[in-house]
Amino acid sequence: DGEYAFHVASDDGSKLLVNGKTVVNNDGVHPKTSKSGSTKLKKGIHKVEVQYFQGGGEDELEIEWEGPTISRQDF
């Protein structure tokens with residue numbers, strides 16, 4: 001159990017949801033931009049969903065996470 005942080009960098013819009021709840025909202029048409037959010041999770045299995053769209057130009061998507069016993073790393 002504990003607080004988990006998620007970091008999403010994208011060019012253009014993206015969202016990261018955990019168990020259907022938006023944790024990171026990085027929506028819109030923009031150059032590569034990073035946003036973060038966190039949520040408390042209990043031990044067990046959780047649904048993680050990433051939504052992403054590409055407008056034009058470069059296409060980039062990076063997702064990282066960290067938790068009580070997990071250092072920041074690629075998801």
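Further up the page is the structure itself.
Reference entry: report on the structure contained in this document. (Residues numbered from 1 in each chain as written. Predicted model: local features only at pLDDT ≥ 70, side-chain atom pairs only at ≥ 80, totals over all residues. Heavy atoms only, no water.)

## Some words on the sheet that holds strand β2 (residues 14–18)
Spatially, the 3 strands line up as an open sheet ordered β3-β2-β5, and their pairing is antiparallel. Across the chains shown, the open sheet's two edge strands, defined by having one partner strand only, are β3 (21–26) and β5 (48–52). Across this sheet, the average inter-strand angle for adjacent strands is 15°, counted without regard to direction. Summarising the sheet, β2 and β5 pair through 5 bridges and their orientation is antiparallel. Paired with L17 across the two strands is E49, which belongs to β5. (Pairing = 2+ DSSP bridges. Helix = DSSP H or I, 4+ residues; strand = E, 2+ residues; numbered from the N terminus. Axes fitted to C-alpha atoms, helices over the stretch in contact; angles between N-to-C directions.)

## Side note on the environment of V8
By the element assignment, V8 lies in strand β1 (residues 2–11). Overall, V8 belongs to the buried group, its relative accessible area being 2%. On a C-alpha basis, the gap between V8 and E49 in space is 12 Å, while along the polypeptide they are 41 residues apart. Aside from chain neighbours lying at most four places away, what touches V8 is S14, L16, V24, N26, T33, S34, K35, L61, E62 and I63. (Buried < 20%, exposed > 50% of the residue type's maximum accessible area, 1.4 Å probe, protein only. Contact = heavy atoms within 4.5 Å.)

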